[in-house]
Amino acid sequence: MNLKQLVGEKAAEYVTEGMVVGLGTGSTAYYMVEALGKRVKEGLTITGVTTSTRTKEQAEQLGILLKTIDEVEKVDVTIDGADEIDAHYQGVKGGGGALLFEKIVADYSKKVIWIVDESKMVETLGAFPLPVEVLPYGSQQLMRIFDEKGFQPSMRKNETDENYLTDGGHYIIDLHIAKIEDPQSLALWLDGLTGVMEHGLFLDRVNTIIVGRESGLEIIEAR
Ligand SMILES: O=C[C@H](O)[C@H](O)[C@H](O)COP(=O)(O)O
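Residues numbered from 1 in each chain as written. Predicted model: local features only at pLDDT ≥ 70, side-chain atom pairs only at ≥ 80, totals over all residues. Heavy atoms only, no water.

1. Thoughts on the overall build of the protein chain
Check the secondary structure of the protein chain and you find six helices and 13 strands. Against the 2.2 N^0.38 benchmark of 17 Å for 223 residues, the protein chain shows a C-alpha radius of gyration of 17 Å, consistent with a compact globule. Along the first, second and third principal axes, the C-alpha atoms of the protein chain reach 55 × 35 × 35 Å. Within the protein chain, buried positions represent 50% of all 223 residues. Taking contacts inside the protein chain between residues at least 6 apart in sequence as the whole, the part at least 24 apart equals 72%. With an accessible surface of roughly 10,600 Å², the protein chain has 49% of that area assigned to carbon and sulfur atoms. When the 22 basic and 36 acidic side-chain charges of the protein chain are each reduced to a single mean position, those positions are 2 Å apart. (Helix = DSSP H or I, 4+ residues; strand = E, 2+ residues; numbered from the N terminus. Rg over C-alpha atoms; globule rule 2.2 N^0.38 Å. Buried < 20%, exposed > 50% of the residue type's maximum accessible area, 1.4 Å probe, protein only. Contact = heavy atoms within 4.5 Å. Areas by Shrake-Rupley, 256 points an atom, 1.4 Å probe, with all protein chains shown as cover. Lys, Arg positive; Asp, Glu negative; His and termini not counted. Charge placed at Lys NZ, Arg CZ, Asp CG, Glu CD.)

Put into structure tokens, the structure is as follows:
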């Protein structure tokens, strides 16, 4: 079995009857949504809150009852993938472009679970380009600011080489920083830039990490 499927199916076991479940985005979260869909067909009743159009379409096809984040009071548990997780369990997300909605849903969740294969576990963040979601208006000015900082920014493109558009109607600038020594300071700096809608640094946000290793599953209680 592939490791993404292994962790996706394991994470679905954390969901119990009646829960409101945040449904993440990406190739790992895909398997978790499939596993939940199977349990729903077998009689489990849950309410899903999706983090992207992609996941919404998948969940709808599986017959999972959905509500928006504004229609629920709280989310019991959110299960999502990650692009990198460091030794302090800080993460980078947004490789699939869903970071803004993912962070909003995570913020209103009682518990957050990340599901990853072992390749995502790193000592220091940065090898994976850091996604920054920006308003199109003024985005070239932000490109300049990032460039001056030495962050080697690249505007994310879609298959037809136009600027990639997020579900929120924004662009994504990927920063190539190589080693993010101080994620907290970087996050604060990005938070302070006008036109930055959100960034992919997810700090102090995960409770449980399920890592799929060739040697088996590792479950980390991060906080
Ligand atoms: O925007 C996408 C999300 O943050 C994903 O959770 C992240 O990119 C990991 O995706 P995958 O499981 O496909 O590696």
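2. Here we look at the nonpolar core
In this structure, V15, M32 and L36 are the most contacted members of the largest nonpolar core, which totals 23 residues. Listed by contribution, the elements that provide at least two residues to this core are helix 1 (3–12), strand 1 (20–23), helix 2 (29–41), strand 3 (75–80) and strand 6 (109–117). Those residues within four positions of M32 in sequence are excluded, and the remaining contacts are G8, A11, A12, L23, G24, I79 and I115. Listed in part, the 22 residues of the second largest apolar core include V132, M155, I173 and L201. (Core = buried A, V, L, I, M, F, W, Y, C linked by side-chain atoms within 4.5 Å.)

3. Points about the environment of P131
When you line up the elements, P131 lands in strand 7 (residues 130–134). A residue is classified by how much of its surface remains accessible, and P131, at 0% relative accessible area, is buried. Through-space distance from the C-alpha of P131 to that of D80 is 16 Å; in sequence the pair is 51 residues apart. Contact partners of P131, with chain neighbours within four places excluded, come to V92, K93, G94, G95, L99, R156, I172, I173, D174, H199 and G200.

4. Focus: the sheet that holds strand 5 (residues 91–92)
Taken together, three strands build an open sheet; the order of strands is 4-5-11 and the sheet is antiparallel. One side of each edge strand has no neighbouring strand; the edge strands of this open sheet are strand 4 (84–85) and strand 11 (201–202). (Pairing = 2+ DSSP bridges.)

5. Some remarks on the site of the ligand
Near the ligand you find 16 residues, and of these S27, T28, D83, E102 and K120 are the closest. Between the ligand and the protein, one listed contact pairs an oxygen atom with a backbone N or O atom of T25 at 3.0 Å. A distance of 2.7 Å separates an oxygen atom of the ligand from a polar side-chain atom of E102. Contact with the protein chains removes 92% of the 380 Å² of surface that the ligand exposes when unbound. Residue composition of the shell around the ligand, grouped by class: two nonpolar, nine polar and five charged. (Near = heavy atom within 4 Å. Polar contact = N/O pair within 3.5 Å; in protein donor to acceptor, adjacent residues only side chain to side chain. Nonpolar A, V, L, I, M, F, W, Y, C, P; charged D, E, K, R; others polar.)

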